[in-house]
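Analysis of the macromolecular model
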Amino acid sequence: MPDSSISLETRILDLPNHGVARLGLLTARKLASGIAANTSGKDLNQVTVEDLLHYLPMRYEDRSKLTRIRDLTDGLEASLELFVKLCQGRPVRGWRSYRQRLYIFEISATDRERSGKDVVVWTFLSGPRAPQIIESYEKKFRRGVRFIAFGKWESDSSRRTYSLKLHKPDEIEVLPGDVERPLPETTEDPAIAAIHVGRRVPIYRRLNDLRPKQLREIIHATLATLPDSSLAETLPNDLIKRQRFISRREAIHQIHFPPEAISLDDYERSRSPAHRRLIFEELFWLALGLSVKRDRRIKEPKGAAFKIDDAIKRRIASVLPFKLTGAQRRVIKEIFRDLRSDAPMNRLLQGDVGSGKTIVAVIAMLVAMENNCQAALMAPTEILAEQHARNIKRILASSPYRIELLNGSLKSGEKKRLREAIAAGEVHAVIGTHALIQESVTFKQLGLAVIDEQHRFGVMQRAELRARGMNTDVLVMTATPIPRSLAMTVYGDLDVSIIDEMPPGRTPIVTKIFADNASDRKEVKQLLHSEIVAGRQVYVVYPLVEESEKLDLRDATRRYEYLRDKVFPKFSVGLIHGRMKPEEKDECMRRFVTGEIQILVSTTVIEVGVDVPNASVMVVEHAERFGLSQLHQLRGRVGRGAQQSYCVLLASDKQTEVARERLGIMEQTNDGFKIAEKDLELRGPGEIMGTRQAGLPEFRVANLVRDLDVLQAARKEADFYLNQADKSAEAQKMIARVRDDARVKLAAVG
Ligand code: ADP
Ligand code: MG
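Our subject in this report is the structure included herewith. Along each chain, residues carry numbers from 1 onward, in the same order as the chain's sequence is written. For naming, the first written chain is A and the first written ligand is 1, with later ones following in the order written. Under the rules for a predicted model, residues below a pLDDT of 70 receive no local features and side-chain atom pairs below 80 are neither given nor counted, while totals for whole chains, interfaces and linings still include all residues. The side-chain quantities take in all heavy atoms of the structure and omit both hydrogens and water.

1. Description of the site of ligand 1
With respect to spatial proximity, 16 residues lie near ligand 1, and among them Lys 323, Gly 354, Lys 357, Thr 358 and Arg 506 are the closest. Within 3.5 Å is the distance limit for a polar contact, defined as a pair of N or O atoms, with the added protein rule that one can donate a hydrogen and the other accept it, and that residues adjacent in sequence qualify only through two side-chain atoms. Here a nitrogen atom of ligand 1 and a side-chain polar atom of Gln 328 are 2.9 Å apart. To be near a molecule or strand, a residue needs just one of its heavy atoms within 4 Å of it.

And the structure:
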């Protein structure tokens, strides 16, 4: 008898005590650890029934209508209930790739009525363990064994029957009963057999070594055991009516076991009523939380609103080194509106690599200084901070303001004097890494904080600033062109400005994929040679992945020595990597900036921000190991002048399809937004942004690329309730619910 006292909060590890699905302790552990791995940040001890029920099917199969062999046609997608006649695995003759043999494994089978010629279900296997695997399959698929096979059936001329190719034999499900005793009624537990056939069934991605069928049984039993009261409604009634949602209870049941009435197509596209309801719910609470935060910020006054009069505008015009683009003018207008307002600015400035964000920041900083306030600019690396300091000092050379770089390589005496000058208000603008706020530099009157390359930092800066009692205007800049949908959510508490236009006179970069072989490498070498002879400079970048940092570093160092001694002995080659001391890095960078170093070999420390307009070639080694957005960032280091620039992607592993697709996109477009959207599709938002870094909440049901329309609806509803906060007790309750939600806290700056 199942114990009916489970709830959404019940831990998976406790499920065996409740007799759910005859779940043993060992299986419960596997289940919990599998789900923990899918739910970032959870320990297997904390995984609950709620987490389990949010492990959604990757697809569904309609087994309510089992097809007979007689009714098969070429290309038909169908489920067949079959019985094994014969099975065998054998090597494919004449086919032997490098070290590996290819095997074929085939089952010939018939259906209950022997309605047609025996069909064949088959797959390829390779790898050292293939013979063992085949042996185990031969044991499993003995004559008479009953199984379900679903997929696209092809009329197979060499076998003279219909056949179904599987990716893995695991995909077929062995069922209780066999050819002698085929009916579910005769099996030990007819109820369990009926979960898997004669209905629409969910197919789950394997978890640890729990197969789809096992997962289906466990989830079915959990749903059956869970009392309705523990799936109580969470959304207000009027909202459910307005959006025509089904109840939460129905949604959770139906997302696992689709009812007959809804098209399976809607399920496959995640657009069934169950999907819509659960996706909405997830996005709604987040949207409400973010709106509440934003509302609170806007209502809380900052030190002083800035004035921006004609004198100030003239001063700005006098320092501009070039004519601003239309997009730059537009975002400056948006920033000015915030600077003039009583509410603290919290704005994200997004612009593709090289779109000219720096000058926008400088103008905002100048406004603060003209209003007798100080400005701070924080960059993610010392190299970048130094570059900004150099640039800004140059741009503002004719102004009366004192601009200083505060970085780690200052001697302690110098640092102390500088801090004192900042506290006394003698320094008007400070540039540094975010040590600026971490080391609690005191300002006399900080009016504006600019944070460059936000995605490298994480999201807590505004919170940190505020915690230090500095409720100032904040401008956050990022070159990771996050698709607008994502920005809206991740930075839901930020207003967003976008520079969507490049400064004039840029020649589009030519991007080309090369293989890691002698002839391709020769071509690359010739390109580098001719560019350097023409006076240009070159980057050669190696990946650096955390797990194998040492190995990669050795790789990069070795390649550096090889390039220096063997390939380009006549040129000057430099090496820069993250393990070097800041002074060494700066020194190396300086020599590259001055042109003394012609080829800079590097790990990805140069990924963001670095601006050396004379560099014309970016060579990326092991390009397949980089994410799209990262590749785009790297490519953005060249093409900064009018000359033709090149991005060379060396792919040592052309095998994996995703890698090839990814690199192909790089060849096709230079548009950072398109690339980011593609990246999002291929990898999911968590990976793109580095969830931990960016503070992007993990979604369990929602997918921001796919569910943009639902997100918009959720934001609209959230604002509706926020506006009712004064009148409606229900709205107040909802707001109280999200106020302390950790996910919301994490999702927004400050
Ligand atoms: P990012 O947005 O990547 O930070 P930068 O601010 O470093 O870009 O600008 C890239 C380059 O373009 C710099 O060399 C900068 O001087 C130049 N630039 C920026 N805006 C303009 C403009 N309106 N006209 C001409 N050049 C510009
Ligand atoms: Mg920049």
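2. A few points about the sheet that holds strand E18 (residues 573-576)
Strands qualify as paired when DSSP identifies two bridges or more between them. Only DSSP runs of H or I reaching four residues or more are called helices, and only runs of E reaching two or more are called strands; each is numbered from the N terminus. Strand order in the open sheet made by the six strands is E16-E21-E20-E17-E19-E18, with parallel pairing throughout. A single partner strand is all that each edge strand has here, and the edge strands are strand E16 (510-515) and E18. Recorded for the sheet is a direction-independent mean angle of 20° between the axes of neighbouring strands. Summarising the sheet, E16 and strand E21 (residues 646-651) pair through six bridges and their orientation is parallel. Each bridged residue has a counterpart across the sheet, and for Ala 515 the counterpart in E21 is Ala 651. Only the stretch in contact is used when fitting a helix axis, every axis being a line fitted to C-alpha atoms; angles between N-to-C directions are given from 0 to 180 degrees.

3. Let's talk about a positive patch on the surface
Patch membership is restricted to residues that have no salt bridge and whose relative accessible area is over 30%. Joining uses 9 Å for like charges and 5 Å for the nonpolar side chains Val, Leu, Ile, Met, Phe, Trp and Tyr. Each accessible area is a Shrake-Rupley result for a 1.4 Å probe, and residues are judged covered by the shown protein chains and nothing else. What makes a salt bridge here is a side-chain nitrogen of Lys or Arg within 4 Å of a carboxyl oxygen of Asp or Glu, nothing more. We treat Lys and Arg as the positive residues and Asp and Glu as the negative residues; His and chain ends play no part in the count. Working definition for charges: the position is that of NZ of Lys, CZ of Arg, CG of Asp or CD of Glu. Together, Lys 323, Arg 329, Lys 333 and Arg 337 give the surface a local cluster of positive charge. Here Lys 323 lies in the loop between helix H10 (310-319) and helix H11 (326-340). Think of it in three bands: with a 1.4 Å probe and only protein chains considered, a residue is buried below 20% of the maximum accessible area for its type, exposed above 50%, and partly exposed in between. We classify Lys 323 as exposed; its relative accessible area is 70%.

4. A closer look at the sheet that holds strand E10 (residues 374-379)
An order of E11-E12-E10-E13-E14-E9-E15 is seen for the seven strands of this open sheet, with the pairing classed as parallel. The outermost strands of the open sheet, each flanked by one partner alone, are strand E11 (403-406) and strand E15 (495-499). The mean inter-strand angle of the sheet, taken between neighbouring strand axes irrespective of direction, is 20°. Direction of pairing for E10 relative to strand E12 (residues 429-433): parallel, over a ladder of five bridges. Bridging from a neighbouring strand, Ala 375 pairs with Ala 429 of E12. Contacts were defined at the residue level, with two residues in contact if any of their heavy atoms lie within 4.5 Å. In the packing of helix H14 (residues 412-423) onto the sheet, contacts are made with E10, E11 and E12, and the angle to E11 comes to roughly 135°.

5. Describing unusual backbone geometry
Even without being glycine, Arg 114 reaches a positive phi, approximately 45°. Inspection of the secondary structure assignment puts Arg 114 in the loop between strand E3 (101-111) and strand E4 (119-126). Among the residues examined, Arg 114 registers a relative accessible area of 54% and is labelled exposed. Its identity is not glycine, yet His 622 carries a phi of approximately 50°, on the positive side.

6. Description of the pattern of salt bridges
Where charged atoms from two side chains of opposite charge approach closely, those side chains can pair. Inspection of every chain in the model, using the stated rule, returns 38 salt bridges. Notably, a salt bridge pairs Glu 233 with Arg 277, separated by 2.7 Å at the nearest N-O pair. Here Arg 277 lies in helix H9 (residues 273-298) and Glu 233 lies in the loop between helix H5 (212-225) and helix H6 (237-242), a separation of 44 residues in the sequence. With a relative accessible area of 0%, Arg 277 lands in the buried category. Its salt-bridge partner being Asp 266, residue Arg 269 comes within 2.9 Å of it at the nearest N-O pair. Taken together, the shared-partner salt bridges in this structure form one network comprising Arg 90, Glu 106, Asp 156 and Arg 159.

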